[in-house]
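Each chain is listed here by its residues.
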Amino acid sequence: MYVRGTVAGEVERRSVSTKYGESDLAEVPLRLDSDHDAADREASESADGGAAVLEENHEPTTVTLWNKWTESAELLEPGMEVLVTDAKTEECQGKTKFATTGESYVVVEPSFLVNVTAIRNWVDCPRLYYLNKLSGVPLNYPVVKGTIVHEVFGDLLRGRALEEAIDARVDERGLELGLLGESADAVSEEVRENAAAIEGWLEQGRLTEEDSWRSEQLLISETFGIRGRADAVRRGAPVELKTGKNLKKEPRFKDKVQAACYALMLEEHGGDVDVGTLLYTKNSALDRNEETGDLTPAKEFSMGDGLLKFVVRLRNEIAATEVQGTVPTGYEGNAKCEYCFEQDTCMVVSGRLDQESKAGQIGRPLPADEREYFEEVSRAIEAERRAVHHEYAKLWEQRPQERADDDRALIDLEFGEKRPLEGGRWELRAEQPAGTTSKLREGDLVLASDGHPVRGNAELARIERLDDEVVLTADEPVEVTRLDVYPSELTTDRLLAALHDFLLKGDDRRKDVLFGRADPTFDEPEETFIDNNPAQNEAVRMAVGAEDFALVHGPPGTGKTYTIARAIRAMVERGERVLLSAFTNRAVDNALEALLEQLDGVVDDDRVVRVGSESGVRTDMQPYRLERAGDPAERVAELEDAQVVAATTATCGSRVMKAQSFDSALVDEAAQLTEPGTFAAITLADRFVLVGDHEQLPPVVRSGDESHRPELTDGDDEPLGHDLTESLFERLVALHPDSGVMLDQQYRMNQRIQAFASREFYDGQLRPATPAVAGRTLDDLEGASREALPESLRDPVAFVDVEGDDDRYTDSAEAARIAELVETYEAAGLERSSIGVIAPFRAQVSEISNHVPGDVTVDTVDRFQGSSQEVIIVSFTATGSLEGPIFEDYRRINVALTRPKRALVLVGDARALETDPVYGRMLEWASQVSVRGGRD
Ligand SMILES: Nc1ncnc2c1ncn2[C@@H]1O[C@H](COP(=O)(O)OP(=O)(O)OP(=O)(O)O)[C@@H](O)[C@H]1O
């Protein structure tokens, strides 16, 4: 049976004499989880074929861990979670206790998902694992070549011809190879040598019997807290490809460990694995006359129980280290520093961060405030990682309908067909029921399954099309009936690397300025860049003249995009190479569009390059998109000759972008970026300009979403100084207020609409840029007439009182009233597509969507940020006390109220809203009719 719970006290270890001799044991006081989805587990095929439904029990019990599992017991601290499989019960003085059996596995912190490659690295040296995590994998030839060989291997398994696979895969990596100075022919030759081993081996397999193969299988273990992608699975057993050589008979130990991880997961999914295979592809390229030893590439080993358990214990060490936030020193394993490639890096990191390390330390430690900053921010990033793991856990903890309601899955799809594509991949089609919504978008990577993303047959797939029909491409032909959001750690990995690069490799002057030890300096040109808007002109002068950085604070509609474009043009005219970046693809493309207008006749179009994925970049910007595939020299020239490169901040953390450098970086939507998120872009440039509005939505952090367990090691209860929700932009505005300028003329809203936001959020300084903007009404729109509206809606701002029902997340009366309002505006001549509805909860968004036609955009505030509409209707969904995201942070209401150009209608329960002073003032403003209002 399964026993799962939280450690409730100190663990006691001792030795006892048994009939088998001396045995170690550890007694762990455990508070059992009451409802660890027992029913769900029972229905599933879990590793031990059954599950214990444990009674709710708040009294701690004891679980005894025997022999080798006492090693894992040593890692335990009160508050940690433990899972024991195949436990037995023992009655003792009327109490039920538990103990491990010979079959048991003990899993520490089972919801922390450890990557298989992490476990493999950990075998070599725990500190190496830490260093890899910190600095990320750089662009280097062995890594890129290894990836290509793996891809060719997958292709061969899927039946693609060798030469075709090599050509295609080398071509796809053109850009990376170009950056590394490699030529396609030379790389193809090397890949061919490696692939020969694979092909020969596959031939043998085919000669003897009908093999059942599967390439690249994504495995996630809900029992052992491990995940990874097996290179291949042959007759149910793992096959791992290594591009190195191995002249011994046996596979390398760490490679065995890796294969054992996959074996463990395959067994959890119902397999019985007794063998693992390692394929050392370099072996076949070696010359028998020069090398002695076993040159056969494929080496098999038998998969013993002892190894599987050892692997789980290693995994436990990683999980415990991560949850406690301790930094490995290298003493934990038997690290051999003198042979390690990373010895220098290791010593530098140890020296700079003043960490204990087996390799030793070099250099002076960073100043104390920088080390403290590093600790706080890296801890916050690790909390983000745990939140991603939490997303994984939801894959099995939530029922399908709950996931669908959460917008995290599309369920009940009707499988249509699977069609083989050229190159051995598959196209999968399914129909989705009408009216379903989710977070999934075209271009997303998803978990496509035949029913369950973890327990069923599942595969990573890309969404090619998403309307009534869903079209996917994948490596394997899954009969798709369900799609789940794929929780990715990529962002977290890149944040950590960006933090590392900034603090450990970053420029000292920049750190002095960012940590407040020095003031930023400017050398502003006297030139006038924009003659009709003094604040914008000053912003461009500061941006161009900044020697360190400049800040442009742009309230809604104040011409941020225009100002950025003008500033970049000025920089380009001065001969600078410029990076244009923003948090979202949408903002990057908007700014790029404005910039192209400015650059017309200044630089050739082909010196402006957009870096991003095909699905991320807007159609009209595709001509500027950098193709990754093709001739290496051509690809790299295209990027390196570019004078302006545009990419999201996430892409700035990619290996390709990290190889670039710029004179200046301009970052839009900077108030929505975490500090390390901002570093990813600005570390690529000598100077930077941040553009944003800290009175609108702050960075979105996953770990803030839900209640996570308190830090285990955080002895002092001091609140963290840096928790990722404050942007670098906001911090710098406070730290160096004179390095920025606020744009104060807005080009969007009628005067009546902007009045409240200006007063509440911008010290009354925001004003309409022109009389025409101030006087905007619906009458300006073709075919629309305010006269046709009821009197109560003729003013640009209106309030509609709807008594709230008692539901917390939805209000159907409000939804019905909003549907009527939409009809009223339509009757007055408005296009439905020019009306937007904002609601605080997803549930209310769905409720309203069911009442209004599809071409009216209905969404949450977060989704509306950055856009505008002619008419905006806001549903407050409030009753009694004000609770919910829209009310927790006044910046949300600022965003909601500043989306419309010509008309704003607030729909809510006046009595509830009045209970808060800000909303009280909002009601007053919305209910007063302007002098020039539409009364006859
Ligand atoms: N100095 C200016 N003179 C004339 N028009 C301007 C000026 N600055 C901006 N505009 C116009 O104002 C509108 C809004 O500008 P822009 O798109 O740059 O705003 P933004 O601040 O980026 O908006 P958002 O708040 O949506 O991000 C655009 O139509 C733009 O052409």
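Keep in mind that this is a model prediction, so the values were computed, not measured.

> Please explain the overall build of the protein chain as it appears in this structure.
If you tally the helices and strands in the protein chain, you get 32 helices and 35 strands. Against the compact-globule benchmark of 30 Å for 936 residues, the protein chain has a radius of gyration of 30 Å, which places it among compact chains. Taking the principal axes of its C-alpha atoms as reference, the protein chain extends roughly 100 × 70 × 60 Å. Taken over 936 residues, the protein chain has a buried fraction of 47%. Counting contacts in the protein chain only where the partners sit at least 6 residues apart, residues at least 24 apart contribute 73% of the total.

> Whenever I open this one, the pairing of strand 5 (residues 81-84) confuses me. Can you help?
The side chains of a regular strand alternate between both faces of the sheet. Covered by surrounding structure in strand 5 are Glu81 and Leu83 together with Val82 and Val84, the residues of both alternating faces. Two strands pair when backbone bridges link them, and strand 1 (residues 3-7) and strand 5 are joined in this way by four bridges, in the antiparallel orientation. Pairing of Gly5 across the sheet is with Val82, part of strand 5. Relative to strand 8 (residues 106-108), strand 5 runs antiparallel, the two being bridged by three bridges. Each residue of the ladder has a partner; that of Leu83, found in strand 8, is Val107.

> Can you walk me through the site of the ligand in this structure?
Lining the immediate surroundings of the ligand are 15 residues, of which Gly559, Lys560, Thr561, Tyr562 and Tyr747 lie closest. Counting residues per element, the shell around the ligand draws most heavily on helix 17 (residues 560-573), which supplies three residues. Of the residues in the shell around the ligand, the class split is four nonpolar, 10 polar and one charged.

> Honestly, the packing of helix 14 (residues 490-505) against helix 22 (residues 675-682) in this entry has me stumped. Any pointers?
Pairs of packed helices are described in terms of their axes, by the angle between the two and the distance that separates them. In contact at an axis separation of 8 Å, helix 14 and helix 22 are set at 65 degrees when each is read in the N-to-C sense. Between helix 14 and helix 22, the crossing angle belongs to the class labelled roughly perpendicular. Crossing geometry of helix 14 relative to helix 22 is assigned as left-handed. Listed contacts from helix 22 to Arg494, Leu495, Ala498, Leu499, Asp501 and Phe502 of helix 14 are Pro676, Gly677, Phe679 and Ala680. The class makeup of the residues in the contact of helix 14 with helix 22 is seven nonpolar, one polar and two charged.

> Just checking my understanding: could you explain helix 6 (residues 162-172) for this structure?
Note on helix geometry: an α-helix contains 3.6 residues per turn, so any two residues three or four positions apart are oriented the same way. All of the buried residues in helix 6 are Ala165, Ile166, Arg169 and Val170. Axial view of helix 6: buried residues confined to an arc of 115 degrees, hence all on one face.

> Would you explain the domain arrangement of the protein chain in this entry?
In many analyses, interface size is given as the accessible surface area lost on bringing the parts together. Each assigned domain of the protein chain is listed here: domain 1 (3-35 + 58-108), domain 2 (139-207), domain 3 (391-490), domain 4 (509-707 + 721-742) and domain 5 (749-927). Here the C-alpha centre of domain 5 lies 56 Å away from the C-alpha centre of domain 2.

> Would you mind showing me how to read the packing of helix 17 against helix 18 (residues 585-599) here?
In contact at an axis separation of 8 Å, helix 17 and helix 18 are set at 50 degrees when each is read in the N-to-C sense. Comparing their axes, helix 18 and helix 17 come out oblique. The chirality of how helix 17 crosses helix 18 is right-handed. Listed contacts from helix 18 to Thr561, Tyr562, Ile564, Ala565, Arg566, Ile568, Arg569 and Val572 of helix 17 are Asn590, Ala591, Ala594, Leu595, Glu597, Gln598 and Leu599. Tallied by class, residues from the contact of helix 17 with helix 18 come to nine nonpolar, three polar and three charged.

> When you look at the sheet that holds strand 19 (residues 458-466) in this model, what are you seeing that I'm missing?
Remark on secondary structure: sheet strands pair via backbone hydrogen bonds, oriented parallel or antiparallel. Taken together, seven strands build an open sheet; the order of strands is 15-21-18-19-20-17-16 and the sheet is antiparallel. One side of each edge strand has no neighbouring strand; the edge strands of this open sheet are strand 15 (409-410) and strand 16 (414-420). Bridge analysis of strand 17 (residues 426-431) against strand 20 (residues 469-474) gives six bridges, and the strand direction is antiparallel. Each residue of the ladder has a partner; that of Arg429, found in strand 20, is Val471.

> Is there a simple way to think about helix 24 (residues 751-761) in this case?
Counted residue by residue, helix 24 has eight buried out of 11 residues, so it is predominantly covered. Along helix 24, the positions that sit buried rather than exposed are Arg752, Ile753, Gln754, Ala755, Phe756, Ala757, Ser758 and Phe761. Those residues of helix 24 that are buried lie in contact with strand 29 (745-746), strand 30 (767-768), strand 31 (797-801), helix 30 (890-897), strand 35 (900-908) and helix 32 (917-927). The positive-phi residue at the C-terminal boundary of helix 24 is Asp763, with phi of around 50 degrees.

> Sorry, what's going on with the confidence of the model for the protein chain here?
The predicted coordinates should not be examined in detail at positions where pLDDT is low. Per-residue confidence for the protein chain gives a mean pLDDT of 89; residues scoring 70 or more make up 93%. Here residues 705-720 is modelled with pLDDT under 50, and outside its nearest four sequence neighbours on either side it reaches 15 contacts, counting other chains as well. With pTM at 0.90, the complex prediction returns an ipTM value of 0.97.

Cut-off values and rules
Residues numbered from 1 in each chain as written. Predicted model: local features only at pLDDT ≥ 70, side-chain atom pairs only at ≥ 80, totals over all residues. Helix = DSSP H or I, 4+ residues; strand = E, 2+ residues; numbered from the N terminus. Rg over C-alpha atoms; globule rule 2.2 N^0.38 Å. Buried ≥ 20, exposed ≤ 12 C-beta atoms within 10 Å, placed from the backbone. Contact = placed C-beta atoms within 7 Å. Pairing = 2+ DSSP bridges. Near = placed C-beta within 6 Å. Nonpolar A, V, L, I, M, F, W, Y, C, P; charged D, E, K, R; others polar. Axes fitted to C-alpha atoms, helices over the stretch in contact; angles between N-to-C directions. Parallel < 35°, antiparallel > 145°, perpendicular 65-115°, else oblique. Left-handed = near helix turned anticlockwise from the far one by under 90°. Arc of directions from axis to C-beta. Domains from an automatic or database assignment. pLDDT = per-residue confidence, 0-100.

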